Number of protein chains: 2
Amino acid sequence: MSSIDFTKLDKTIHEKGRLSIMTLLASRRGRSFQDLKAALAMSDGNLISHLRSLESAGHLSASKSIEQRKTTYHLTPSGREAFTHYLEVLEQIIAATRA
Amino acid sequence: MSSIDFTKLDKTIHEKGRLSIMTLLASRRGRSFQDLKAALAMSDGNLISHLRSLESAGHLSASKSIEQRKTTYHLTPSGREAFTHYLEVLEQIIAATRA
């Protein structure tokens, strides 16, 4: 237990709304805004605000398709790495409580 | 993934400092204030504030031993149950990202 470093819980990721977005994006290559909105039942404003925070942190990027006229969000390599480290702490928490 | 209910992430528990306290208390029967302080490297004020929030939520209780002159903190049955539910969501997040 004393080995769990809770400071490693990335603040940007740990917030509930952003954690749900990261989980969605980590489990699939990319998702459109409408896709995310439908899956998360978040208001446009809320979702936009969380996407911006994650983009500012370098965790996700948006690509625009002119043909399909939609923006797709996906994790950046560093976002994926940050999320992997985050998940490692979650695993340690679960392991500690089972010990 | 769509089956993960992120609203089940208890707000009181999810905060990083309180999550570390809950993890410590779940992995052992009870801990003194000094015990918690040493394990978590938190200031007295910070730790007291988090303990109060968790106590208000009914997640932990404190018992005072007159002989040993110290207060011991431990999870309440409902606190243990709330933490179990919280951990279930963490497990779902981990499972979703591995799928």
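Residues numbered from 1 in each chain as written. Chains lettered and ligands numbered in written order. Predicted model: local features only at pLDDT ≥ 70, side-chain atom pairs only at ≥ 80, totals over all residues. Heavy atoms only, no water.

Engineer: Before we move on, can you summarise the overall build of chain A with the specific residues and values?
Structural biologist: When its secondary structure is counted, chain A shows five helices and three strands. If you list the helices and strands of chain A from N to C, you get α-α-β-α-α-β-β-α. Here the C-alpha coordinates of chain A stretch approximately 50 × 25 × 20 Å along the principal axes. In chain A, which comprises 99 residues, the proportion classed as buried is 43%. When contacts within chain A are restricted to residue pairs at least 6 apart in sequence, long-range pairs at least 24 apart make up 55% of them. When the accessible surface of chain A is summed, it comes to about 5400 Å², and 48% of that surface belongs to carbon and sulfur atoms. Mean positive and mean negative side-chain charge positions of chain A (14 and 10 charges, respectively) differ by 6 Å. (Helix = DSSP H or I, 4+ residues; strand = E, 2+ residues; numbered from the N terminus. Buried < 20%, exposed > 50% of the residue type's maximum accessible area, 1.4 Å probe, protein only. Contact = heavy atoms within 4.5 Å. Areas by Shrake-Rupley, 256 points an atom, 1.4 Å probe, with all protein chains shown as cover. Lys, Arg positive; Asp, Glu negative; His and termini not counted. Charge placed at Lys NZ, Arg CZ, Asp CG, Glu CD.)

Engineer: Mind laying out helix H4 (residues 44-56) of chain A, listing which residues take part and the relevant values?
Structural biologist: Residues and elements named next belong to chain A. Here H4 is 13 residues long and its end C-alpha atoms lie 18 Å apart, about the 18 Å a rise of 1.5 Å per residue gives. Burial in H4 covers these residues: Leu47, His50, Leu51 and Leu54. Buried residues of H4 fall within an arc of 100 degrees about the axis and therefore sit on the same side. In this structure, H4 carries Arg52 and Ser56 as exposed residues pointing more than 90 degrees from its buried face. Contacts made by the buried residues of H4 are with helix H1 (11-14), helix H2 (16-26), helix H3 (33-40), strand S2 (60-65) and strand S3 (70-75). Positive backbone phi, at 85 degrees, marks Gly58, one or two positions downstream of H4. (Expected span 1.5 Å × (residues − 1). Arc of directions from axis to C-beta.)

Engineer: Tell me about the packing of aromatic side chains, residues and numbers included.
Structural biologist: Think of a pair of aromatic rings as described by two things: how far the centres are apart, and how the planes are tilted against each other in angle. Residues and elements named next belong to chain A. Here the structure, examined in full by the defined rule, presents two aromatic pairs over all chains. Aromatic pair Phe83 and Tyr86: ring centres 6.1 Å apart, planes at 10 degrees, arrangement stacked. Residue Phe83 and its partner Tyr86 are both found in helix H5 (residues 77-98); the two are separated by three residues, about one turn of the helix. In this structure, Phe83 and Tyr86 share a single accessibility class: buried. (Phe/Tyr/Trp six-rings, centres within 6.5 Å; stacked < 30°, edge-to-face > 60°.)

Engineer: Quick rundown of the sheet that holds strand S1 (residues 31-32) of chain B? Include the residues and the values.
Structural biologist: Residues and elements named next belong to chain B. Within the open sheet, the three strands sit side by side as S1-S3-S2. Their pairing is antiparallel. This sheet does not close on itself; its edge strands, each paired only once, are S1 and strand S2 (60-65). Across two bridges, S1 lies against strand S3 (residues 70-75) in antiparallel orientation. Counted as the bridge partner of Ser32 is Thr72 from S3. Where helix H2 (residues 16-26) meets the sheet, its contacts fall on S1, S2 and S3, and the angle it forms with S3 comes to roughly 90 degrees. (Pairing = 2+ DSSP bridges. Axes fitted to C-alpha atoms, helices over the stretch in contact; angles between N-to-C directions.)

That is the geometry; function is a separate question.
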